[in-house]
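Fold and contact review
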Amino acid sequence: MASFPQATARAAVGALIGKIRAQYGKSVETNIYDPRCLFWFFDLVRFNIRAEPTWVFDGKLLFRGVPSWEELREKMDATL
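Scope of this entry: the structure provided in the associated data block. (Residues numbered from 1 in each chain as written. Predicted model: local features only at pLDDT ≥ 70, side-chain atom pairs only at ≥ 80, totals over all residues. Heavy atoms only, no water.)

Our focus in this paragraph is the nonpolar core. Counting 13 residues, the largest nonpolar core has Ile20, Trp55, Leu62, Leu72 and Met76 as the members making the most contacts within it. Broken down by secondary-structure element, the contributors of at least two residues to this core are helix 1 (7-24), strand 1 (54-57), strand 2 (60-64) and helix 3 (69-79). It is helix 1 that provides the largest number of residues to this core, a total of five residues. (Core = buried A, V, L, I, M, F, W, Y, C linked by side-chain atoms within 4.5 Å. Buried < 20%, exposed > 50% of the residue type's maximum accessible area, 1.4 Å probe, protein only. Helix = DSSP H or I, 4+ residues; strand = E, 2+ residues; numbered from the N terminus.)

Our next topic: the layout of surface pockets. Size it by volume and the largest pocket reaches roughly 920 Å³. Taken together, 31 residues line the largest pocket, and the ones lying closest to its centre are Asn31, Ile32, Tyr33, Thr54 and Trp55. Listed by contribution, the elements that provide at least two residues to the lining of the largest pocket are helix 1, helix 2 (41-46), strand 1 and helix 3. (1 Å grid on protein atoms, 1.4 Å probe; cavity = no way out; pocket = protein on both sides within 12 Å on 5 of 7 lines; lining within 4 Å. Points joined across faces, edges and corners; volume = space filled by probe spheres on them.)

Sheet topology places strand 1 next to strand 2; four bridges connect them, and they run antiparallel. Paired with valine 56 across the bridge in strand 2 is leucine 61. Counted between consecutive antiparallel strands, the loop separating strand 1 from strand 2 contains two residues, among which aspartate 58 sits at a positive phi close to 55 degrees. (Pairing = 2+ DSSP bridges.)

Further remarks concern a nonpolar patch on the surface. A cluster of nonpolar side chains, Leu38, Phe41, Phe42 and Val45, forms an exposed patch at the surface whose accessible area comes to about 480 Å². Its place among the elements puts phenylalanine 41 in helix 2. Classification of phenylalanine 41 as partly exposed rests on a relative accessible area of 40%. (Patch = residues over 30% accessible without salt bridge, like charges linked within 9 Å, V, L, I, M, F, W, Y side chains within 5 Å. Areas by Shrake-Rupley, 256 points an atom, 1.4 Å probe, with all protein chains shown as cover. Salt bridge = Lys/Arg side-chain N within 4 Å of Asp/Glu carboxyl O.)

It is worth spelling out helix 1 at this point. Taking 1.5 Å per residue, 18 residues should reach 26 Å; helix 1 reaches 26 Å between its end C-alpha atoms and fits that length. If you check which residues of helix 1 are buried, you get Ala7, Val13, Leu16, Ile17, Ile20 and Tyr24. The inward-facing, buried residues of helix 1 abut strand 1 and helix 3. One or two positions beyond helix 1, positive phi appears at glycine 25, with a value near 60 degrees. (Expected span 1.5 Å × (residues − 1). Contact = heavy atoms within 4.5 Å.)

Written out as structure tokens, the structure is:
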């Protein structure tokens, strides 16, 4: 994976998305936005999304990077 430097972060994000789906089921919608796609232009600008994982929940920026499951769940529960 040396040729793909963000592989570890993307695998961690995938695991967190799986935990979100297991914990919240269909009550929480998950979307993945690729910053290279201009279709999401306004959200990319609004949240200043670049190459790093950026977590937005209910219209609020929660994290940049990859948080622990406990941190992410705690902030999501506080918002729900």
